[in-house]
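Chain by chain, the residues:
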Amino acid sequence: MTIQIFDAIAPDYDKVNRVLSLGMDRRWRQKAVHFLPEGSALRVLDLAAGTAEMAIVLGREARVGRVTGIDCAEEMLRLGRLKVQQQGLTGKVELIAGDALALAFKDHEFDVVTAAFGVRNFPDLMQGLAEAFRVLKPGGRCIILEFSMPSGWWQKIGHSLYLGMAVPLIGGLFTGKKEAYCYLGRSIRAFPSGERMGRIIRQAGFGVIERYALAMGAVTICVATR
Ligand SMILES: C[S@@+](CC[C@H](N)C(=O)[O-])C[C@H]1O[C@@H](n2cnc3c(N)ncnc32)[C@H](O)[C@@H]1O
């Protein structure tokens, strides 16, 4: 179901993100990239790469050697490949079709695994995290950028109204696919936030986990070390 939704909204995906995040989504991805470890020629796997928004930001980093983005929505990937080409990053960023829950990579292949607004859509979050853990080198880093619910009462109420009313209205107007943006709000409200998310990441095997709140808690970066 999720995959059909993303293929259907692919042509407008980037534009609607910009509008709904008031232009902040690019800055959030850039912030997540600040948590890349030191080093050079880093091998990075970007899960749920979509239209390559995160993979391109990673590809621009000097310490990154190669980025492999995977996603199961073909139309998102097709548009992503065009963008990678336009950015002159074809030699550094590759996008391939694949399921994040059953990665076609060997154990310990990557220095870093990233996922921007992706893990919330996995049908089995624990399996996705376990796969990220498996393909990371020992000491490797997993950087998850995801929507979350603010912890304060008033922020929570305001954000729930925004997700339940404004997001479907604006998303529907731009794409004609209101249901896709109802799904977005529902999935954010249902997704584990804060310490709950930290516990789940720890259960997948990760050691140190740090969380950084952005946009008054509406977005969180989780940095986990294998
Ligand atoms: C909200 S988009 C995020 C795209 C991109 N990372 C970004 O920052 O804009 C979520 C993506 O997750 C992908 N996705 C959902 N489940 C997946 C899975 N099991 N394996 C790979 N990709 C998946 C969808 O196809 C979609 O492209």
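Here, the structure is the one placed above.
Here goes a summary of the coordinates provided. The model shown is predicted, which means the values in this text are computed figures rather than measured ones.

Cut-off values and rules
Residues numbered from 1 in each chain as written. Predicted model: local features only at pLDDT ≥ 70, side-chain atom pairs only at ≥ 80, totals over all residues. Heavy atoms only, no water. Axes fitted to C-alpha atoms, helices over the stretch in contact; angles between N-to-C directions. Helix = DSSP H or I, 4+ residues; strand = E, 2+ residues; numbered from the N terminus. Parallel < 35°, antiparallel > 145°, perpendicular 65-115°, else oblique. Left-handed = near helix turned anticlockwise from the far one by under 90°. Contact = heavy atoms within 4.5 Å. Nonpolar A, V, L, I, M, F, W, Y, C, P; charged D, E, K, R; others polar. Salt bridge = Lys/Arg side-chain N within 4 Å of Asp/Glu carboxyl O. Buried < 20%, exposed > 50% of the residue type's maximum accessible area, 1.4 Å probe, protein only. Disulfide = S-S within 2.5 Å. Pairing = 2+ DSSP bridges.

**Quick notes on the packing of helix 2 (residues 13-20) against helix 7 (residues 153-175)**
Packing of helix 2 against helix 7 leaves a shortest axis separation of 10 Å and a crossing angle of 140 degrees. Put simply, helix 2 runs oblique to helix 7. At the point where helix 2 passes helix 7, the crossing takes the right-handed sense. Mapping the contact onto sequence places K15, V16, V19 and L20 in helix 2 and Y162, V167, I170, G171, F174 and T175 in helix 7. The class makeup of the residues in the contact of helix 2 with helix 7 is seven nonpolar, two polar and one charged.

**A word on the pattern of salt bridges**
Throughout the structure, instances matching the rule amount to 18 salt bridges. Note that E53 is salt-bridged to R18, the shortest N-O span being 2.7 Å. You can see E53 sitting in helix 4 (residues 53-59) and its partner R18 sitting in helix 2, a full 35 residues away along the chain. When its relative accessible area of 8% is taken as the criterion, E53 is described as buried.

**Topic: the state of the cysteines**
Scanning all chains against the criterion turns up zero disulfides. Not engaged in a disulfide, the cysteine C222 finds its nearest cysteine sulfur in C142; these two sulfurs lie 8.8 Å apart. Owing to a relative accessible area of 4%, C222 belongs among the buried residues under this scheme.

**Quick notes on the pairing of strand 7 (residues 219-225)**
Within strand 7, six of the seven residues are buried, which leaves it mostly tucked inside the rest of the structure. Here strand 5 (residues 136-147) runs beside strand 7; their pairing, made up of seven bridges, is antiparallel. Looking across to strand 7, one finds that C142 is bridged to A224. Two strands pair when backbone bridges link them, and strand 6 (residues 209-214) and strand 7 are joined in this way by six bridges, in the antiparallel orientation. Its bridge partner lying in strand 7, Y212 is registered against I221. Here strand 6 folds back onto strand 7, and the loop between the two strands holds four residues, one of which, A215, carries a positive phi near 50 degrees.

The analysis is restricted to geometry; functional conclusions fall outside its scope.
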